[in-house]
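What follows is each chain in one-letter form.
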Amino acid sequence: AFNSQNIANTVWAYAKLGHPSPELFDAVSFKAIEKLHTFNSQEIANTIWAYAKAKHSSPELFNAISHKVIDKPYNFNSRNIANTVWAYAKLRHSSPELFDTISLKAMERLDTFNSQDIANTVWAYAKAGHSSPELFDAILLKVMQKLNTFNSQSIANTVWAYAKLGHSSPKLFDALLPKTMEKLDTFSSQNMANTIWAYAKVGHS
């Protein structure tokens, strides 16, 4: 029988390999909804990450997962949290209640977030246009503690997110500016454009 782990592993593998298979993703979606009550937090996060990575929209599955996560206190780790909101934002699947629920889970687990988890999480909230001031304030402190671990992509995604949501954080922008200059030659043109836009948007000179 195709169980929750098989489902999650299958779509994750196809997405990871960049192998397009719309029919498979459609078929798995129905199976996943049917067996959703048996999924653990890792399987949920891996499944929706795979759909987003494969750019395969599945509103029914994402709605079902959203209700499940809101109703059940899943034991999400930092990577599960980041991947979940990233997937919803990437596929532009609106779920304000899910983002509110995840925000609370994220604040409980912030000590375990690395720079990539932080950047992907704030990027997702900004992309979804979902403001979460308490989470963004709490994350600001974490950024300060982990400054040295931020790479160009994480810097770009973080400042873009704070600027996009209009979340005032002069401290964050001050702290990340020297890091930006230090890593300038590692920025892609897109990351550089997003970073410049963010500093201009918040009026930071």
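If you're wondering where the values come from, they're calculated on a predicted model, not measured in any experiment.

Chemist: Where do I start with the packing of aromatic side chains in this structure?
Modeler: In this description, an aromatic ring pair is defined by two values, namely the gap between the centres and the angle between the planes. Tallied over the full model, the rule gives seven aromatic pairs. An angle of 35° between the planes, with centres 6.4 Å apart, marks the rings of tryptophan 12 and tryptophan 49 as tilted. Of the two residues, tryptophan 12 is situated in helix H1 (residues 4-16) and tryptophan 49 in helix H3 (residues 41-53); the sequence distance between them amounts to 37 residues. Their ring planes at 75° and their centres at 6.4 Å tell us that tyrosine 125 and phenylalanine 136 sit as a pair that is edge-to-face.

Chemist: Help me understand the side chain of histidine 130 in this model?
Modeler: With respect to the helices and strands, the residue histidine 130 is situated in the loop between helix H7 (115-127) and helix H8 (133-145). Owing to a relative accessible area of 12%, histidine 130 belongs among the buried residues under this scheme. A distance of 2.8 Å separates polar atoms of two side chains, one belonging to histidine 130 and the other to aspartate 100. Apart from the residues lying within four places of it in its own chain, the contact partners of histidine 130 are Pro96, Phe99, Asp100, Tyr125 and Leu165.

Chemist: Sorry, what's going on with the pattern of salt bridges here?
Modeler: Side-chain pairs of opposite charge can arise where the charged atoms are in close proximity. In this structure the tally under the stated criterion is four salt bridges. The shortest N-O distance in the salt bridge between glutamate 34 and lysine 31 comes to 3.5 Å. Remark: lysine 31 and glutamate 34 occur in helix H2 (residues 22-34); sequence separation between them is three residues, near one turn of the helix. The exposure class assigned to lysine 31 is partly exposed, which follows from its relative accessible area of 32%. For the salt bridge of lysine 179 with glutamate 182, the shortest nitrogen-to-oxygen distance reads 3.4 Å.

Chemist: Just checking my understanding: could you explain the packing of H8 against helix H10 (residues 170-182) for this structure?
Modeler: The description of two packed helices rests on the angle between their axes and on the distance between the axes. It is the contact of H8 with H10, at a shortest axis distance of 10 Å, that shows an interaxial angle of 20°. Taken together, the axis directions place H8 and H10 in an arrangement best described as roughly parallel. The two elements H8 and H10 cross, and the hand of that crossing is left-handed. Contact with H8, carried on its side by Leu140, Val143 and Met144, involves Lys171, Leu172, Ala175 and Leu176 of H10 and no other residues of that element. For the contact of H8 with H10, the per-class residue count stands at six nonpolar, no polar and one charged.

Conventions and cut-offs
- Residues numbered from 1 in each chain as written.
- Predicted model: local features only at pLDDT ≥ 70, side-chain atom pairs only at ≥ 80, totals over all residues.
- Heavy atoms only, no water.
- Phe/Tyr/Trp six-rings, centres within 6.5 Å; stacked < 30°, edge-to-face > 60°.
- Helix = DSSP H or I, 4+ residues; strand = E, 2+ residues; numbered from the N terminus.
- Buried < 20%, exposed > 50% of the residue type's maximum accessible area, 1.4 Å probe, protein only.
- Polar contact = N/O pair within 3.5 Å; in protein donor to acceptor, adjacent residues only side chain to side chain.
- Contact = heavy atoms within 4.5 Å.
- Salt bridge = Lys/Arg side-chain N within 4 Å of Asp/Glu carboxyl O.
- Axes fitted to C-alpha atoms, helices over the stretch in contact; angles between N-to-C directions.
- Parallel < 35°, antiparallel > 145°, perpendicular 65-115°, else oblique.
- Left-handed = near helix turned anticlockwise from the far one by under 90°.
- Nonpolar A, V, L, I, M, F, W, Y, C, P; charged D, E, K, R; others polar.

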